[in-house]
Amino acid sequence: MSASSNQKAVAVLAEFANPAVLLHAAEKVRDAGYDKYDCHSPFPVHGLDAAMGLKKSILGWVAAAGGIAGGSIAFALQWWVHNHGYAMNLSGKPYFAFQAYVPVTFELTILGACFGTVIGMFIMNFLPWYTHPVFESDNFRKATDNGFFISIEAEDERFDAKKCYAFLQSIGGKNVEVLIPNE
Amino acid sequence: MAEMAEMAAATDTTQEPLVQGNHDFHSVSDTIGRIAEQELAKTPIGWYVAFTISASVAGLLGLQIFWLFWKGTGVWGLNNPAGWGWAIVNFVFWVGIGHAGTLISAILFLLRQQWRTSINRAAEAMTLFAVVCALVFPGIHVGRVWAVYYLFPLPNQMAMWPNFRSPLLWDVFAVNTYFTVSLLFWYVGLIPDWATMRDRATNRWRQIIYGLLALGWRSSNRHWSNYEKAYLILAGIATPLVLSVHTVVSFDFAVSILPGWHTTIFPPYFVAGAIFSGFAMVITLMVVVRWIYGLQSFITMRHLDNMAKIIMLTGMLVGYAYSCEFFIAWYSGSPYESGIFLLRASDQYAWAYWIMVTCNVIIPQVFWFRFARRNLVILFVVSIFVNIGMWFERFVITITSLSQDYMPSSWDYFSPTIIDVGMFVGSFGLFFTLFLLFLRFVPVIAIAEVKGVMPEADPHNYHDEH
């Protein structure tokens, strides 16, 4: 496929032979100053985050917030139920039996952290997103099998289909494609 | 999983490889993906036979539940001292089985045990289905099923709330949290593999269904970065969760004042027993699955060997707990406490007690021998014995203490009815129905993770490229 009209192109996609080549190519794309680019591999390649210059994921804080929320709600609910909402003397147990609140508080802390993690991960990854430009390529099916790819998206300020095409080829990309929708 | 790739570089060369045979990335996708992609007509006849039997037995469970709702809990063998019967025994049995799946997927992940990779998917599925079976029993044993929503803190017109100071309510939260977290953990692990299935799909339906499930996954490294973090966090929170679940289950017993139940050893003892029984179920299932689907190069003898070692270890922990209970009963000086343990081992339920000891403590000792850990027949037979033994453990705990408590005048012998037996068998039908559906439509091995632990996944293994 040849480089064609810059307006219609949504991304340029190149395939790389193996994880090591992908890693070095990612460094070069980063050094060339591209911003809206991505690497695609069927499994996470060790060292690629550093090669792409990605910041550490902040998901841990989201999970912590979820956990704190879950735990606080659980404790507050139990305190409210036994001291205000439905204060009953059951087997002589104290109303504010905080020791007995521990298991439920613990379980809901875990549940909150879990929801925080999973929902946070989806939001940070903008998933579900079924119509991403890279799906225009048939060759891209290999990205979940045995293919290693780099894509540069048209949203990047420096994007120029012809230049990106040549650049990706120069750093060892094979099957370089300019992706144009509805082709 | 980058952590996994990191370890791949450091893999001990004296160990057997985790993936055997000449596999590359594509053949991994292919070998595993093909199983779920078989045309319905080409599904092995054995699958149809097994599915028909399981689904029928599960249907029988449904009929018996209907009968229970119609007649009341009198259809069970419950009597006056023994107000908790097989429903509780089965509940604890099934929850326990679930624990191995989480142990494999979470704890072994945190401990950097790469060998977990090819068995975690199926083990997690086993967890989910076992917890489904477990949840059936507390749901139906409440007697007044129309009031089952009292278990949850739902605002209602009676302005009534559940009692959070009761262990039975803790259990509701523990088991439901466990199910939810296990389901999300499993689903997150499946996303890259749904995408693999989507991209391999040759017909429209498969493409749409797997495509929807994959959520538009595009193997992006920006995604992998958050994804791996999510996986690590989920493993980190599932670890204390799994330990807490059987701890809370043991509180159902330990917080009461009944002799034989009111002991502090219960939480660790229950957790060890849960892992023990779960690994036995994993071996039971894996020995059959790898044989039927030809997955010997992924679920290797090394995996089975490691699991056999865990069974032996946890079996001895359980054995230690059995003896410790006796020691503490004697040491406590409480006549009721020592009495119940003497009765357990020598009186009307002695047969059950000694079945338990034989299956759980004595038989797994064969795993001291390497040939036993690597012989499929021995592995399978021992795992069945452990499953039986662990069911009897819960039977012994629940029934003996209830049948013979403080007042000898109210002692009685518990005999199950046909409905008790039928429901227990029926729960296996439900479990195997779900598991067979999983085998048929879901990638049974974590494809992306297996690729990640292969030597060629590590960029450092391509020296001439530098």
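Fair warning: this is a prediction, and the values are worked out from it, not measured in the lab.

Enquirer: Outline the overall build of chain A, supporting the account with residue identities and numerical values.
Expert: Counting secondary structure elements, chain A contains 5 helices and 4 strands. Counting helices and strands in the order they occur from the N terminus, chain A gives β-α-β-α-α-α-β-α-β. A compact globule built from 183 residues should have a C-alpha radius of gyration of about 16 Å, whereas chain A, at 25 Å, is more than 25% larger. Taken along its principal axes, the extent of the C-alpha atoms in chain A is 80 × 35 × 30 Å. For chain A, the proportion of its 183 residues judged to be buried stands at 48%. Considering only contacts in chain A between residues 6 or more positions apart, those separated by 24 or more positions represent 81%.

Enquirer: Kindly report on the pairing of strand β1 (residues 11-16) of chain A, identifying the contributing residues and their values.
Expert: Residues and elements named next belong to chain A. The buried fraction of β1 is high, at 6 of 6 residues. Because side chains alternate across β1, one face comprises the buried residues A11, L13 and E15, and the other comprises V12, A14 and F16, equally buried. When β1 meets strand β3 (residues 148-153), the two strands line up antiparallel, connected through 6 bridges. Of the residues in β3, the one forming a bridge with A14 is I150. Relative to strand β4 (residues 174-179), β1 runs antiparallel, the two sharing 4 bridges. Paired with L13 across the two strands is E177, which belongs to β4.

Enquirer: Tell me what's going on with the environment of B:A55, and back it up with residues and numbers.
Expert: Residue and element names in this part refer to chain B. Turning to its location among the elements, A55 is positioned in helix α3 (residues 45-71). Judged by local crowding, A55 falls into the partly exposed class, with 16 C-beta atoms found within 10 Å. A C-alpha to C-alpha distance of 9.8 Å links A55 and F428, two positions 373 residues apart in sequence.

Enquirer: Explain the interface of chain B and chain A to me, and be specific about the residues and the numbers.
Expert: If you look at the interface, chain B gives 55 residues, while chain A gives 59 residues. Elements with a minimum of two residues in the side of chain B that touches chain A: α1 (2-9), α2 (25-37), α6 (167-200), α8 (221-254) and α16 (447-452) of chain B. Top contributing element to the side of chain B that touches chain A by residue count: α8(B), with 16 residues. When the residues that make up the side of chain B that touches chain A are grouped by side-chain class, the tally is 29 nonpolar, 15 polar and 11 charged.

Enquirer: Provide a residue-level description of the confidence of the model for chain B, including the pertinent values.
Expert: All names here are of chain B. In the predicted model, chain B carries a mean pLDDT of 87, and 96% of its residues have values of at least 70. Predicted confidence is poor over residues 1-14, with pLDDT under 50, and the contacts of this stretch with residues over four places away or in other chains come to 30 contacts. Both scores are given for the predicted complex: the pTM is 0.89, the ipTM 0.89.

Enquirer: Can you explain the environment of B:Q404? Please cite residues and give values.
Expert: Residues and elements named next belong to chain B. Mapping Q404 onto the fold places it in the loop between α14 (376-403) and α15 (418-441). When the 25 C-beta atoms within 10 Å are taken as the criterion, Q404 is described as buried. Along the primary structure Q404 and L258 are separated by 146 residues, whereas in three dimensions their C-alpha atoms are 9.7 Å apart. Setting aside anything within four residues of it in sequence, one finds Q404 in contact with I340, L343 and W411.

Enquirer: Describe the domain arrangement of chain A, and please don't skip the residues or the numbers.
Expert: The assigned domain composition of chain A is domain 1 (11-54 + 128-179) and domain 2 (59-124). For domain 1 of chain A and domain 2 of chain A, the distance between their C-alpha centroids amounts to 44 Å.

Enquirer: Give a description of the packing of helix α4 (residues 98-124) of chain A against α8(B) that names residues and reports values.
Expert: Interaxial distance between α4(A) and α8(B) falls to 10 Å at its minimum, and their mutual angle equals 165°. With respect to each other, α4(A) and α8(B) are oriented roughly antiparallel. Where α4(A) crosses over α8(B), the handedness of that crossing is left-handed. Across the interface between the two elements, A:P103, A:F106, A:E107, A:I110, A:A113, A:C114, A:T117, A:V118, A:M121 and A:M124 of α4(A) pack against B:N226, B:Y227, B:A230, B:I233, B:L234, B:I237, B:L241, B:S244 and B:V248 of α8(B).

Enquirer: Describe the packing of α3(B) against α15(B), listing the residues and the values that go with them.
Expert: Residue and element names in this part refer to chain B. In contact at an axis separation of 7 Å, α3 and α15 are set at 140° when each is read in the N-to-C sense. It follows that α3 is oblique to α15 by the angle criterion. Considering how the two elements wind past one another, α3 and α15 form a crossing that is left-handed. Here the residues of the contact of α3 with α15 sort into 17 nonpolar, 7 polar and 1 charged.

Enquirer: Break down the sheet that holds β3(A) for me, with residues and values.
Expert: Residue and element names in this part refer to chain A. On the basis of which strands lie adjacent, the open sheet formed by 4 strands has the order β2-β3-β1-β4 and antiparallel pairing. Strand pairing shows two members of the sheet lacking a second neighbour, β2 (37-40) and β4, which therefore form its edges. Across the sheet, the mean angle from the axis of one strand to that of its neighbour is 15°, orientation sign disregarded. Across the face of the sheet, helix α1 (residues 19-31) comes into contact with β1, β2 and β3 while running at roughly 20° to β3.

Enquirer: Any details on the nonpolar core? Residues and values, ideally.
Expert: B:M126, B:F279, B:V282 and B:I311 are the most contacted members of the largest nonpolar core, which totals 154 residues. With 17 residues, α8(B) is the single largest residue contributor to this core. If we ignore the near neighbours within four places in the chain, the residues touching B:F279 are B:A100, B:M307, B:I310 and B:I311. Core analysis: the second largest hydrophobic core is formed by 34 residues, A:V12, A:A26, A:C39 and A:F140 among them.

Rules used in this analysis
Residues numbered from 1 in each chain as written. Chains lettered and ligands numbered in written order. Predicted model: local features only at pLDDT ≥ 70, side-chain atom pairs only at ≥ 80, totals over all residues. Helix = DSSP H or I, 4+ residues; strand = E, 2+ residues; numbered from the N terminus. Rg over C-alpha atoms; globule rule 2.2 N^0.38 Å. Buried ≥ 20, exposed ≤ 12 C-beta atoms within 10 Å, placed from the backbone. Contact = placed C-beta atoms within 7 Å. Pairing = 2+ DSSP bridges. Nonpolar A, V, L, I, M, F, W, Y, C, P; charged D, E, K, R; others polar. pLDDT = per-residue confidence, 0-100. Domains from an automatic or database assignment. Axes fitted to C-alpha atoms, helices over the stretch in contact; angles between N-to-C directions. Parallel < 35°, antiparallel > 145°, perpendicular 65-115°, else oblique. Left-handed = near helix turned anticlockwise from the far one by under 90°. Core = buried A, V, L, I, M, F, W, Y, C linked by C-beta atoms within 7 Å.

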